Amino acid sequence: MLLLLALCLGLPLCAGGQERLASGSELPEARSRRDPLERVGHRVPRHLRLPRLKTKPLMTDFSVKSTIISRYAFTTVSCQMLNRASEDQEIEFQMQIPAAAFITNFTMLIGDKVYQGEISEKEKKNGDRVKEERNKAKEDKGEKGTETFRASLVIPSKDKAAFILSYEELLQRRLGKYEHSISVRPQQLVGRLTVEVNILEQPGIASLEVLPLRNSRQKGSGGGDEDSGPPPSTVINQNKTFAKVVFKPSVVQQAKIAQNGVLGDFIIRYDVTREQNIGDIQVLNGYFVHYFAPKDLPPLPKNVVFVLDSSASMVGTKLRQTKEALFTILHDLRPQDRFNIIGFSNQVKVWKDHLVSVTPRSVRDGKVYIHHMSPTGGTDINGALQRGIGLLSDYVARNDIEDRSVSLIVFLTDGKPTVGETNSLRILNNTKEATQGHICIFTIGIGGDVDFKLLEKLSLENCGLSRRVHEEADAGSQLIGFYDEIRTPLLSDIRVRYAPGSVEHATRTLFPNYFNGSEIVVAGKVADRTAGQLHVEVTASNSKKFVVLKTDVPVESQRTGSVFAGSAGPWGDANHLERLWGYLTVRELLSSWLRRGDGQEKERLRQKAQSLAVSYHFLTPVTSIRLRDPAGQTRGLEDGSGPAAATGPDDAVMQSLRGASVQPGPALKKPYNPRIKISKTSADGDPHFVVDFPLSNLTVCFNIDGQPGDILRLVSDHLHSGVTVNGELIGAPAPPNGHKKQRTYFRTITILVNKPERSYLEITPHRVILDGGDRLVLPCNQSAVVGSRGLEVSVSSNASVTVTIQGTVAFVILIHLYKKPAPFQRDHLGFYISNSRGLSSSCHGLLGQFLNQEAKLTEEPTGLGKNLDPPFPGAGERPETVLKVKGHRAPVVWKQRKIYNGEEQIDCWFARNAAKLIDGEYSNYLASHPFDTEMAFGLGRSKGL
């Protein structure tokens, strides 16, 4: 009873909905104006009638699946809701995504209607408004380093809905680790909550850790019992190049983490193996990526000026924590470094008139100066920056050390410019003119009132980084953590070169500095794929000498090609390196567009970024997302930001847009999602049949070699449950040196349903036709869920089709596609029975006849006829294993077989002669046409529905 009450009174839906009270005495307009907290939390006099609590929509499933290939992450979020109330209800979907991510698609499913997102060009006149909305979402609503995507809809009474959001991002290396963070904030206890992360790194995974759930509003794991280690129920499987992490807490475990549902970030940190100083270079299908992260180099001296806001708004905790963080940072300076301190408010106050060496005395004096800073006055950002840049420029000019040191400013503020120059554009221009590209500015914004847009541009235009620090108990540690990223410069003036004419459309190749624990990434296209070699050269300066690194990389023989072949997903022939190149290129174009003033060049950059973002389905400030309803109408969706794939409600197989197949091979392999319990009973491949006997704890497999064009009856229960499944075969030549003359695959699966109303499905590797009164055609390269009259069809893009009938029968059809098929390969389907509870005991067909049956193994002398009683084996005779099922006896041998498109290997008893295992003969299972149904086995056929 307590659990039920918790589910009914849980907090916001999909991390964002609100409770409502229904009262017959209150007007709807009045109810909409009242504060939600007042409606739910206020006390009422005893003589008043307590309003009835409206039944809130129930979240039945919250799942996230991430696939990380070579540091590039594809993430799909699915949230499924059920409106149990007797009236329509509005809910809001909220999801925090990394600020650096691009959304590639958003889909809403309401009942049997699918609203598919489309990325299109944004009208230029709306660009400024949308940029402001994105910035506000990131600054005011998102957690640290995140943006918040929102969408709302009305769920009809007793109906269900699902939200599906996908995004992509290149993971950034900081402090020697890549961090992948997933927001898990359903804010109610969820029947099925799953987070799955697959990591595939060709060089090898050097380290991997799963952190406790982190809620940025409080330390620790969001209220959990454990202070360290992975969250409860986390399972980690890892080998040299692949890792799979699954977080799947039960309702009880969720309640232990937080009474009203999980509220935190699921975080994975890892690093990869590095062997060459020149970096990891991967080439695949005409695209390359170069990861450069050298180590074991002596650090460069750094010249640093700390510019600290001491205006009146810094009073209290902000200034205290800033001072404490600076004390720690000053102690971390190296003897070869030089530093100075500036405090600014109305006036700019400099500790020393020049940079000083790091000594115990200078560090102590600097701490005293910081300690005596007091908050007062306004904020002269322009004056403080000009003074800091002047100090650094004078020191470098006097000492002629530019080539052997790094000059940088660490600038911290909590507000907007209010004194001196207050125009943001002029501040940016003044700063850029003063630095001349030789001084990097690292900005830190504290609190919610800061002009973070200005700080981002200051860093962006001056080779630095920007961070936002929230006003929390650990703000000081956030400041120290940011400084740790830049505390150890190893190289300066890094230039990455490739042989002339060998690459085109490469991303940025010049970098002013490289800091220990970070990473430089360059991506591009290979201009001449027939060259065989890609020559790479990196030059840089470090503290002792000028560094030159060279290597030649094979263009087509990279192992990456065999490992990742066919990971294109719905983006055509794209591969993960091409997606990564598109991501980086769009990012750089947008950065250049933001830095430019008005003019033709700014417009050219906008158009180029927009065109590329549309082609790669990236939601950016210059693109928009619109929802297309089943009737083909489109409507705008308010901003969000962030990338693509779709999943659907209930037991649909919902997968990321990109598969993470570890096994090499030409197929576009998609891993099945174990959230749906697909039984082993199946017909897949060439085709191979597998039958699971759970009552007997046995698995049996056999082959049926049909002819191209044959239509095989797989499930026949037309008279009872009204369900029939037929599969049509297509032929292909046999592989060389094989024992078969030809191969056959299932080209089409037809599912006929006659109860409660007549409908049928025709499924091919490329489309699904649903005819249930209204004819509907669904492409297999787009995820969607539709349903009507007890029949639900879920398409997971280029991966699978799940068909659920009356909630008691479920079939899963796996889609097998080949990017470059061999002569003996064909795009084909695999048929799996997921749920057979609704099929009768009279069910038949090549697979249906074995459902709900028991099987038994015995040992009999070799050559025994199936109608004779087994005598004792004679001397020297070796008994053979015989399977008994439904009165049949078939000799079997122990064998291993792969199912689920090679994703799982099973042990089974193989019947070498399938004719001894099945009822009747092969011809009894042939249908005259795809929509042919059979009344009963051996009694003839009806001629369709």
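Residues numbered from 1 in each chain as written. Predicted model: local features only at pLDDT ≥ 70, side-chain atom pairs only at ≥ 80, totals over all residues. Heavy atoms only, no water.

K.L.:
What am I meant to see in the overall build of the chain here?
P.N.:
Counting its secondary structure elements, the chain contains 14 helices and 53 strands. Across the 945 residues that make up the chain, the buried fraction comes to 55%. As displayed, the chain offers around 40,300 Å² of accessible surface, 49% of which is attributable to carbon and sulfur atoms. (Helix = DSSP H or I, 4+ residues; strand = E, 2+ residues; numbered from the N terminus. Buried < 20%, exposed > 50% of the residue type's maximum accessible area, 1.4 Å probe, protein only. Areas by Shrake-Rupley, 256 points an atom, 1.4 Å probe, with all protein chains shown as cover.)

K.L.:
Any chance you could explain the state of the cysteines here in plain terms?
P.N.:
A covalent bond between the sulfur atoms of two cysteines is referred to as a disulfide. The final tally for this structure, using the stated rule, is two disulfides. With its sulfur 2.0 Å from that of its partner, Cys440 forms a disulfide with Cys463. Its torsion about the S-S bond being -105°, the disulfide of Cys440 and Cys463 is classed as left-handed. Highlighted residues: Cys440 in strand E24 (residues 440-446) and Cys463 in the loop between helix H10 (452-460) and strand E25 (466-469), separated in sequence by 23 residues. A disulfide bridge connects Cys701 with Cys908, and the sulfur atoms are separated by 2.1 Å. An S-S torsion of about 60° defines the bridge between Cys701 and Cys908 as right-handed. Separated by 207 residues along the polypeptide, Cys701 in strand E36 (residues 698-703) and Cys908 in strand E51 (residues 904-911) bring together distant segments of the chain. Of the residues examined, Cys908 reaches a relative accessible area of 0% and is grouped as buried. (Disulfide = S-S within 2.5 Å.)

K.L.:
How do you make sense of the pairing of strand E18 (residues 287-292) when you look at a structure like this?
P.N.:
Within a regular strand, the side chains alternate between the two sheet faces. With six of six residues buried, E18 is to be regarded as a mostly interior element. Taking every second residue as pointing to the same face, both faces of E18 are buried, with Tyr287, Val289 and Tyr291 on one and Phe288, His290 and Phe292 on the other. Strand direction decides the pairing type here: strand E17 (residues 280-284) and E18, joined by five bridges, are antiparallel. Bridged to Val283 within E18 is Phe288. Alignment of E18 against strand E29 (residues 520-526), held across six bridges, turns out to be antiparallel. (Pairing = 2+ DSSP bridges.)

K.L.:
Whenever I open this one, the sheet that holds E29 confuses me. Can you help?
P.N.:
By definition, the strands of a sheet pair up through backbone hydrogen bonds, in either a parallel or an antiparallel sense. Pairing is antiparallel in the open sheet, where four strands are placed in the order E17-E18-E29-E27. Two strands bound the open sheet, and with one partner strand each, they are E17 and strand E27 (503-504).

K.L.:
Which parts of the structure should I look at to understand the sheet that holds strand E30 (residues 533-541)?
P.N.:
Spatially, E28-E26-E30-E31 is the arrangement adopted by the four strands of the open sheet, whose pairing is antiparallel. Strands at the two margins of the open sheet, each flanked by one partner only, are strand E28 (510-515) and strand E31 (546-554). When strand polarity is set aside, the average angle formed by the axes of neighbouring strands in this sheet is 25°. Here five bridges tie strand E26 (residues 489-498) to E30, and the two strands are oriented antiparallel to one another. (Axes fitted to C-alpha atoms, helices over the stretch in contact; angles between N-to-C directions.)

K.L.:
Help me understand the pattern of salt bridges, please; the structure alone is not making it clear to me.
P.N.:
Note on pairing: side chains with opposite charge can pair once their charged atoms come close. In total, this model carries 29 salt bridges according to the counting rule given. Between Glu324 and Arg320 there is a salt bridge, with its nearest N and O atoms 3.4 Å apart. Of this pair, Glu324 and Arg320 both sit in helix H6 (residues 317-332), four residues apart, roughly one helical turn. Salt-bridge contacts for Glu421 lead to Arg426; the nearest nitrogen and oxygen are separated by 3.2 Å. (Salt bridge = Lys/Arg side-chain N within 4 Å of Asp/Glu carboxyl O.)

K.L.:
How should I be thinking about the nonpolar core in this particular structure?
P.N.:
Nonpolar side chains tend to gather and get buried jointly when the protein is soluble and globular. Phe689, Phe702, Ile751, Phe811, Ile813 and Phe831 are the most contacted members of the largest nonpolar core, which has 62 residues in total. If we skip the residues at most four places from it in the chain, Phe831 touches Thr681, Ser682, Ala683, Leu714, Val715, Val725, Ile749, Phe811, Val812, Ile813 and Leu847. (Core = buried A, V, L, I, M, F, W, Y, C linked by side-chain atoms within 4.5 Å. Contact = heavy atoms within 4.5 Å.)

K.L.:
What is the right way to read the packing of aromatic side chains from this model?
P.N.:
Two descriptors summarise a pair of aromatic rings, namely the distance from one centre to the other and the angle between the planes of the rings. Applying the stated criterion across every chain yields a total of 26 aromatic pairs. With centroids separated by 5.4 Å and ring planes inclined at 20°, the aromatic side chains of Phe344 and Phe411 adopt a geometry described as stacked. Placement of the pair is Phe344 in strand E20 (residues 338-344) and Phe411 in strand E23 (residues 406-413), with a sequence separation of 67 residues. Considered together, Phe344 and Phe411 belong to a single accessibility category, that of buried residues. Their ring planes at 20° and their centres at 6.0 Å tell us that Tyr616 and Phe618 sit as a pair that is stacked. This pair shows no difference in class: Tyr616 is buried, exactly as Phe618 is. Chaining the aromatic ring pairs together yields one cluster made of Tyr72, Phe74, Phe102, Tyr287, Trp581, Tyr583, Tyr616 and Phe618. (Phe/Tyr/Trp six-rings, centres within 6.5 Å; stacked < 30°, edge-to-face > 60°.)

K.L.:
How should I be thinking about the confidence of the model for the chain in this particular structure?
P.N.:
Caution applies to low-pLDDT regions: their predicted coordinates should not be interpreted in detail. Per-residue confidence for the chain gives a mean pLDDT of 78, with 78% of residues at or over 70. Mean pLDDT across the elements of the chain bottoms out in strand E1 (residues 21-22) (34) and peaks in strand E15 (residues 242-247) (94). A low-confidence stretch, residues 217-227 (pLDDT under 50), is modelled with 23 contacts involving residues beyond four sequence positions or located in other chains. Within the model, the stretch residues 638-676 combines pLDDT values under 50 with 180 contacts to residues more than four positions away or in other chains. (pLDDT = per-residue confidence, 0-100.)

K.L.:
What's the story with helix H7 (residues 360-371) in this structure? I'm lost.
P.N.:
An α-helix turns once every 3.6 residues. As a result, residues three or four positions apart point the same way. Along its twelve residues, H7 runs 17 Å from first to last C-alpha, staying within 8% of the 16 Å computed at 1.5 Å per residue. Among the residues making up H7, those that are buried are Ser362, Val363, Gly366 and Ile370. Buried residues of H7 fall within an arc of 100° about the axis and therefore sit on the same side. Seen from the open side of H7, the exposed residues pointing more than 90 degrees away from its buried face are Pro360, Arg361 and His371. The inward-facing, buried residues of H7 contact H6, E20 and strand E22 (356-357). (Expected span 1.5 Å × (residues − 1). Arc of directions from axis to C-beta.)

K.L.:
Just checking my understanding: could you explain the packing of helix H9 (residues 424-435) against H10 for this structure?
P.N.:
Helix-helix packing is characterised by the crossing angle of the two axes and by the distance between the axes. Running from amino to carboxyl end, H9 crosses H10 at an angle of 20°, the nearest separation of the two axes being 10 Å. Taken together, the axes of H9 and H10 are roughly parallel relative to one another. Where H9 crosses over H10, the handedness of that crossing is right-handed. Contact residues: Ser424, Leu428 and Thr431 in H9; Leu454, Lys457 and Leu458 in H10. For the contact of H9 with H10, the per-class residue count stands at three nonpolar, two polar and one charged. (Parallel < 35°, antiparallel > 145°, perpendicular 65-115°, else oblique. Left-handed = near helix turned anticlockwise from the far one by under 90°. Nonpolar A, V, L, I, M, F, W, Y, C, P; charged D, E, K, R; others polar.)

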